[in-house]
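Descriptive analysis of the structure
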Amino acid sequence: MRILLIIAITALFLSCKKSTATNQPIVNPDSFTVTVSNGYGSGKYKIADTVHIFSNAYNDTQLFDKWTGNTFALTASDEWHT
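Let me begin by describing the structure that accompanies this report. Since the model is a prediction, treat every value here as computed from it, not as a measurement.

**Considering the overall build of the protein chain**
Looking only at helices and strands, one finds 1 helix and 4 strands in the protein chain. Going from the N terminus to the C terminus, the protein chain shows its helices and strands as α-β-β-β-β. Taken across its 82 residues, the protein chain has 13% of its residues classed as buried. Partitioning the contacts of the protein chain with sequence separation of at least 6, the portion at a separation of at least 24 is 14%. Of the roughly 7,800 Å² of accessible surface on the protein chain, 58% is carried by carbon and sulfur atoms.

Encoded structure:
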């Protein structure tokens, strides 16, 4: 019975693996950068800030169509000001 217990404990230790992950803390950024091409509103903003972005006004013969790129946070990607 004693030998069986020693074998079980040895098997337990051999089956355990050391984690390769480091104990580094997860860093959450407190701000983000917005880049607007052909418009206004680029800059660095804090999380939960309201950011207004505007498209450039070109001339009377051109119409704004939509914002493109990473637009998941926009209220309305088809508005010239959002």
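Next, the rest of the story.
**Comments concerning the side chain of Ser55**
Among the structural elements, Ser55 can be located in strand 4 (residues 54-55). Ser55 sits in the buried class, given a relative accessible area of 13%.

**Re the environment of Ser42**
Mapped onto the secondary structure, Ser42 falls in the loop between strand 2 (39-40) and strand 3 (43-46). Setting aside anything within four residues of it in sequence, one finds Ser42 in contact with Val34, Thr35 and Val36.

**Here's the deal with the packing of aromatic side chains**
Throughout the structure, instances matching the rule amount to 2 aromatic pairs. Note on Phe32 and Tyr45: the rings are 6.2 Å apart at their centroids and 35° apart in plane angle, and the pair reads as tilted. Of the two residues, Phe32 sits in strand 1 (residues 31-34) while Tyr45 sits in strand 3, which places them 13 residues apart along the sequence. Since its relative accessible area comes to 31%, Phe32 is described here as partly exposed.

**Re a nonpolar patch on the surface**
On the surface, a cluster of nonpolar side chains totalling about 430 Å² of accessible area is made up of Tyr40, Phe54, Phe64 and Trp80. Here Tyr40 lies in strand 2.

**With respect to unusual backbone geometry**
We note that Asn38 has phi near 60°; this positive angle belongs to a residue other than glycine. Structurally, Asn38 is set in the loop between strand 1 and strand 2. Asn38 gets classed as exposed once you look at its relative accessible area, which sits at 53%. Non-glycine residue Ala48 carries a positive phi angle of around 80°.

Rules behind the numbers
Residues numbered from 1 in each chain as written. Predicted model: local features only at pLDDT ≥ 70, side-chain atom pairs only at ≥ 80, totals over all residues. Heavy atoms only, no water. Helix = DSSP H or I, 4+ residues; strand = E, 2+ residues; numbered from the N terminus. Buried < 20%, exposed > 50% of the residue type's maximum accessible area, 1.4 Å probe, protein only. Contact = heavy atoms within 4.5 Å. Areas by Shrake-Rupley, 256 points an atom, 1.4 Å probe, with all protein chains shown as cover. Phe/Tyr/Trp six-rings, centres within 6.5 Å; stacked < 30°, edge-to-face > 60°. Patch = residues over 30% accessible without salt bridge, like charges linked within 9 Å, V, L, I, M, F, W, Y side chains within 5 Å. Salt bridge = Lys/Arg side-chain N within 4 Å of Asp/Glu carboxyl O.

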